[in-house]
Amino acid sequence: MTVPLALVTGSVLAVAPVDPAAAAVGLGLRVAAAASQGTNWRAELAADLAGLSGEKALSVRVGGNVAADTVILPASLELTADTTIVASQIVAGSSTVKVLSHGYTLRLYPVSSLRSGAVSDLVTIDHSGAAGRAGVEGADGLYGEPGADGDDGDFPDGDEESCWDDPSGYPGEWGEPGEDGGNGAQASPGGAGGGIVLDIPDGSTNSYRLIANGGNGGQGGAGGNGGDGGWGGDGGDANDYNGPFPYLIACYWNGGDAGWGGDGGQGGDGGAGGNGGAGGNITVTYPNTYDPASIDARSAGGSRGAGGAYGLGGEGGLPGEPGEGEDGDGWPGGAGFFGEDGQDGDQGQAGQPGRVNLTRRAIKDGFPGHDKAKELLNSTPCKNLITGNNPPEGQDAAAVLQDVMFITYSQPHPTSPTALAAASVGANGQRFVDFYPGYIFASGNTIYGLLAPGARLSRPLTAEEVQALALLHEIAHHTGTNNHPEGDPGREFNLGILNTCLGVTATFP
Ligand SMILES: [Zn+2]
């Protein structure tokens, strides 16, 4: 089949220009994927990385993939999406870059440097969640209106001498109750810390402070105080009549009762405190030669917000004065009851801390136990043990040791916290040996934990020998010859390594 040639007239075919935005997306995805697999993306994608060009000063809001020769971070950055930055050099325009996360992750992949444009060689990326807002306070209740005073007693005109009417004083009205205080509003939760991924380049002498703390929960709003009850009204006085002397006709009557004071209003409840935000996850890989003490990674959960304070109940109103009368004063009223106090608001929950993983991009030569393990594999019985008794099914132990990548973790294995090391395989088939703090800090005595209590050795082991044993144990998982059950340190296989590779015998009581 022949492909017809397109007829081109009057124009020159040109290679379509590469869309820089699309190229950045592709490169960001490939770098992030390769880095998460533990592959050396700087070497593997060297051809693409060589094409990085130009200088890009980021504006405050950024999201997605950014790629350039030099990327300059502003003092404050707001993410609108997960953001991946790939650049030959990433320069922090100020010593601290404050990032507003909105829950998105910031990934920084500097090929050769991530440094501060300021004099300091400390770069701080603060990706903490925002603090929750405090709840609004409840409004105080209004005072109760006082009761009206009772009218004084009265005679209709000319009736005084008959004493026929009742000119007692009128009672005072009760005071109105005070209004209840309003409840305080619930505070808002602290924002989650944003995730930070940083791959520190070889030769870096910078220190990094990476902060992904959750925001603190806000304090609940205080409850409003209840309003005081209104005062009771005074009773009216009786209109007592003393007739003119000497025809002494007297009409004596009672004073009006005093009005009771109104009850105090109830205090409002405090609002609930906000929950602390979760800390973001921080994942840092650093070169073999880099001192991880130069990485200060913080990912605490936000503190819980305190509940709002309760509102006080209002005071009861005082009673009015009873009215007076010759035949007796009115009944005194009583004070209103105190309003009940409100309840304190519940405190929020503290935020969960994030996970911090500082992983060394380990170079095997010089790695603890590696050189010793390599040396031990020069012995044929040892190599056969690790390779397996049936070489076509096993894989050559020395070749596997050369092929695996070493990853060191700063935190213990999530489900087997006492594990020294583990064998794992990445999605692309890359084999890893994962090392945990127990491996790095192993001593000669660590061997007893790998055997059984009370074991006695024909000679003591060095830390290096224990590390070599643990490494060969993991290599034997990769060759397929070490298949001990989960939750078992693999004692039988360890005894074999001890005997065959290190020439040490163990006896048990
Ligand atoms: Zn094992």
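For the structure itself, consult the block above.
Residues numbered from 1 in each chain as written. Predicted model: local features only at pLDDT ≥ 70, side-chain atom pairs only at ≥ 80, totals over all residues. Heavy atoms only, no water.

A.B. asks: Break down the state of the cysteines for me, citing the residues and quoting the values.
C.D. replies: The term disulfide refers to a covalent linkage connecting the sulfur atoms of a pair of cysteines. Per the stated rule, a full pass over the model turns up 1 disulfide. Across the disulfide, C382 is cross-linked to C501 (sulfur-sulfur distance 2.0 Å). Across the S-S bond of C382 and C501 the torsion is about 95°, and the bridge reads as right-handed. Pair noted here: C382 is in helix α5 (residues 380-387) and C501 is in the loop between α10 (491-500) and β18 (506-507), with a separation of 119 residues, a long-range link. Of the two residues, C382 and C501, neither departs from the other in class, the shared state being buried. (Disulfide = S-S within 2.5 Å. Helix = DSSP H or I, 4+ residues; strand = E, 2+ residues; numbered from the N terminus. Buried < 20%, exposed > 50% of the residue type's maximum accessible area, 1.4 Å probe, protein only.)

A.B. asks: With reference to specific residues and values, describe the coordination of the zinc ion.
C.D. replies: Protein ligation of the zinc ion involves H473 (NE2), H477 (NE2) and H484 (NE2), the donor distances falling in the range 2.0 to 2.1 Å. Read N to C, the donor residues that coordinate the zinc ion are spaced as H-x3-H-x6-H. Of this pair, H473 sits in helix α9 (residues 463-479) while H484 sits in the loop between α9 and α10, and the two are 11 residues apart along the sequence. The buried category is assigned to H473, whose relative accessible area is 6%. (Donors = N, O, S within 2.8 Å, 3.2 Å for Na, K, Ca; no water.)

A.B. asks: Run through the layout of surface pockets, naming residues and quoting values.
C.D. replies: The space that makes up the second largest pocket amounts to roughly 660 Å³. Mapped onto the lining of the second largest pocket, the elements with two or more residues apiece are β15 (421-425), α8 (446-450) and α9. In terms of residue count, α9 provides more of the lining of the second largest pocket than any other element does, 5 residues in total. Classifying every residue of the lining of the second largest pocket gives 10 nonpolar, 11 polar and 3 charged. (1 Å grid on protein atoms, 1.4 Å probe; cavity = no way out; pocket = protein on both sides within 12 Å on 5 of 7 lines; lining within 4 Å. Points joined across faces, edges and corners; volume = space filled by probe spheres on them. Nonpolar A, V, L, I, M, F, W, Y, C, P; charged D, E, K, R; others polar.)

A.B. asks: Report on the side chain of D434, specifying residues and quantitative values.
C.D. replies: Mapped onto the secondary structure, D434 falls in strand β16 (residues 431-435). Comment: no salt bridge for buried D434; closest opposite-charge side chain is R431, at 12 Å. At 2.9 Å, the side chain of D434 forms a polar contact with the side chain of S424. Each residue touching D434, except ones within four places of it in the same chain, is listed here: I407, Y409, L420, A421, A422 and S424. (Lys, Arg positive; Asp, Glu negative; His and termini not counted. Salt bridge = Lys/Arg side-chain N within 4 Å of Asp/Glu carboxyl O. Polar contact = N/O pair within 3.5 Å; in protein donor to acceptor, adjacent residues only side chain to side chain. Contact = heavy atoms within 4.5 Å.)

A.B. asks: Describe the pairing of strand β6 (residues 122-126), naming the residues involved and giving the relevant values.
C.D. replies: Burial analysis of β6 places 4 of its 5 residues in the buried class, which makes it a mostly covered element. Looking at chain direction, strand β4 (residues 96-100) and β6 are connected through 3 bridges and run parallel. Paired with K98 across the bridge in β6 is D126. In this sheet, strand β8 (residues 207-211) lies alongside β6 in parallel orientation, the contact comprising 5 bridges. Considered in β8, the bridge of T124 is made with R209. (Pairing = 2+ DSSP bridges.)

A.B. asks: Let's hear about the environment of W174: which residues, and what values?
C.D. replies: Within the fold, W174 resides in the loop between β6 and β7 (196-199). Owing to a relative accessible area of 55%, W174 belongs among the exposed residues under this scheme.

A.B. asks: Lay out the nonpolar core with the relevant residues and their values.
C.D. replies: Counting residues in each nonpolar core, the largest one holds 39 residues, and the members touching the most others are I386, I447, L471, L472, I475 and L498. Contributions of two or more residues to this core are made by α4 (370-376), α5, α6 (397-403), β16, α8, α9 and α10. Here the element with the most residues in this core is α9; it accounts for 8 residues. Ignoring any residue separated from it by four or fewer positions in sequence, one finds I386 in contact with L377, A397, L472, I475, A476, T479, T481, F493 and I497. Among the nonpolar cores identified, the runner-up in size contains 32 residues, and L73, I90, L106 and L210 belong to it. (Core = buried A, V, L, I, M, F, W, Y, C linked by side-chain atoms within 4.5 Å.)

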